Amino acid sequence: MQAYCLKCHTERQMQSARSVTMKNGRSATRGVCPVCGTEMYRIGKSGDAVLGMMTKATNESWLADVAADKVFRCHDGRVMKNPEQLGAALQEMSEETFQYHVTADRNDFSKWVEDVVGDHELSAGLRTSSTRSQAGKVVADRIVWLKGQGGTTSR
Ligand SMILES: [Zn+2]
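Residues numbered from 1 in each chain as written. Predicted model: local features only at pLDDT ≥ 70, side-chain atom pairs only at ≥ 80, totals over all residues.

Asks: Go over the sheet that holds strand β5 (residues 39-43) with me, naming the residues and quoting the values.
Replies: Pairing in this open sheet of 3 strands is antiparallel, and the strands run β3-β4-β5 from one edge to the other. On the outer flanks of this sheet lie β3 (15-21) and β5, each paired with one strand and no other. Across the sheet, the axes of successive neighbouring strands diverge by a mean angle of 25°, strand direction being ignored. In terms of strand pairing, strand β4 (residues 27-32) meets β5 through 5 bridges, oriented antiparallel. Of the residues in β5, the one forming a bridge with T29 is R42. On top of the sheet, helix α5 (residues 120-127) reaches β4 and β5; it is set at about 170° to β5, its chief contact. (Pairing = 2+ DSSP bridges. Helix = DSSP H or I, 4+ residues; strand = E, 2+ residues; numbered from the N terminus. Axes fitted to C-alpha atoms, helices over the stretch in contact; angles between N-to-C directions. Contact = placed C-beta atoms within 7 Å.)

Below is the structure:
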């Protein structure tokens, strides 16, 4: 099964793919990139023909603002409502702020993207980003890709 590798920035054949159920109850397939070993996700069960067809609606929901009570409250007082704002914040926040949210045991950005935004591929990419600049690039690339896939014209 093909999935998008956030590190290679291309579609790859997913390795050691297995079906998992996500927190929101949907089925997904999880595996690793055969080239760089980065964790990959694909929404839907393996073998499902419809699987992975990233619809415009899905992409837009990942880019949309989250509910007011689910916003990401950053240590520096910043509030992020969508991945685009997260990307911008990652460019601007201090290393200290980044390290407050990303430690060896936790990654608040990845968790928020996973639990609230629901974009598992972006969450997986953030989880493997240990520096602020890397995380910022992962988010920026993902947004460009989502907008391209969704056919949404950039503002
Ligand atoms: Zn890769």
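Asks: Describe helix α4 (residues 108-117), listing the residues and the values that go with them.
Replies: Every α-helix winds through 3.6 residues per turn, so residues three or four apart in the chain are directed the same way. If you check which residues of α4 are buried, you get F109, S110, W112, V113, E114 and V117. Taken from the residues just after α4, G118 is the one with a positive phi, measuring 90°. (Buried ≥ 20, exposed ≤ 12 C-beta atoms within 10 Å, placed from the backbone.)

Asks: Lay out the packing of α4 against α5 with the relevant residues and their values.
Replies: Closest axis-to-axis distance for the α4/α5 pair is 8 Å, and the angle between their directions is 170°. Put simply, α4 runs roughly antiparallel to α5. Between α4, through F109, S110, V113 and E114, and α5, the contact on the second element is made entirely by H120, L122, S123, L126 and R127. For the contact of α4 with α5, the class distribution of residues is 4 nonpolar, 3 polar and 2 charged. (Parallel < 35°, antiparallel > 145°, perpendicular 65-115°, else oblique. Nonpolar A, V, L, I, M, F, W, Y, C, P; charged D, E, K, R; others polar.)

Asks: Give me the lowdown on the environment of G118, citing residues and values where you can.
Replies: Mapped onto the elements of the fold, G118 is located in the loop between α4 and α5. Each C-alpha atom, one on G118 and one on W62, is 6.8 Å from the other, the two residues being 56 residues apart in sequence. Contacts of G118, omitting those with residues within four sequence positions, involve N24 and W62.

Asks: An account of α5 is needed here, citing residue identities and associated values.
Replies: Within α5, 8 of the 8 residues are buried, which leaves the element mostly enclosed by the surrounding structure. Taken together, the buried positions of α5 are H120, E121, L122, S123, A124, G125, L126 and R127.

Asks: Describe the environment of D108, naming the residues involved and giving the relevant values.
Replies: Within the element layout of this structure, D108 appears in helix α4. Residue D108 is classed as partly exposed on the basis of its C-beta count, with 17 C-beta atoms lying within 10 Å.

Asks: Tell me about the nonpolar core, and please be specific about residues and values.
Replies: In terms of nonpolar packing, the biggest core is built from 32 residues, with M40, L86, F109 and V139 touching the most fellow members. Residue assignment for this core shows that the elements contributing at least two residues are β1 (2-5), β5, α2 (83-92), α4, α5 and α6 (132-150). Counting residues per element, this core draws most heavily on α6, at 5 residues. When residues of this core are sorted by domain, at least three fall in each of domain 1 (1-53) and domain 2 (54-155). (Core = buried A, V, L, I, M, F, W, Y, C linked by C-beta atoms within 7 Å. Domains from an automatic or database assignment.)

So, to be careful, I would describe these as geometric facts and stop short of saying anything about function.
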